[in-house]
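# Secondary and tertiary structure notes
Below are the chains, spelled out letter by letter.
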Amino acid sequence: GVGPLLDGYSGRLTISADGLTGTYDLGQAASITTGEYRLCWCQASTRPCNYPEDFNFDVGRLTLAAANYVWPLCTLQDIVFTAWREWQTFDDCCCNYNEAGAVGCKDETSYTYKLCSGYPLR
């Protein structure tokens, strides 16, 4: 299951400091198939939310796509270095350095590892 406790339930709603955004922590799944999903919700304060039919509020569509860069799996691919990218994640940064032929993130004490660690994990 998904959710912070892997039980299928989200975390409690948190509101941003400006009060304009509400966020639920859906946690992380051990594995999940890429694709299109419907995201449905059940208000557990009004019912137990034990059955699929309890989740009757349609939040919308959720699209899961595979990550473009996954460190260290990208080291197993023969990707030709073409240019430095604008990195979005730790994995993207490490993979780009690997493409350039640098030791990079293989050495956790390196400058590159420290640099890439400043980016969020995939």
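All of these numbers come straight from a predicted model, not from anything done at the bench. (Residues numbered from 1 in each chain as written. Predicted model: local features only at pLDDT ≥ 70, side-chain atom pairs only at ≥ 80, totals over all residues. Heavy atoms only, no water.)

### So, the pattern of salt bridges
The following threshold applies: Salt bridge, as used here: a side-chain nitrogen of Lys or Arg that lies within 4 Å of a carboxyl oxygen of Asp or Glu. Only DSSP runs of H or I reaching four residues or more are called helices, and only runs of E reaching two or more are called strands; each is numbered from the N terminus. For every residue, the accessible area obtained with a 1.4 Å probe (protein chains only) is divided by the maximum for its type, and the residue is called buried under 20%, exposed over 50%, and partly exposed between those limits.
Throughout the structure, instances matching the rule amount to 4 salt bridges. Ionic pairing is found between E36 and R61, a salt bridge with its closest N-O pair at 3.3 Å. Linking E36 in strand β3 (residues 35–41) with R61 in strand β4 (residues 57–64), this pair joins segments that are 25 residues apart in sequence. A single burial state applies to E36 and to R61, both of which are exposed. The closest approach of N and O atoms between E99 and R85, which form a salt bridge, is 2.9 Å. Note that E99 is positioned in helix α1 (residues 90–99) and R85 in the loop between β4 and α1, a separation of 14 residues in sequence.

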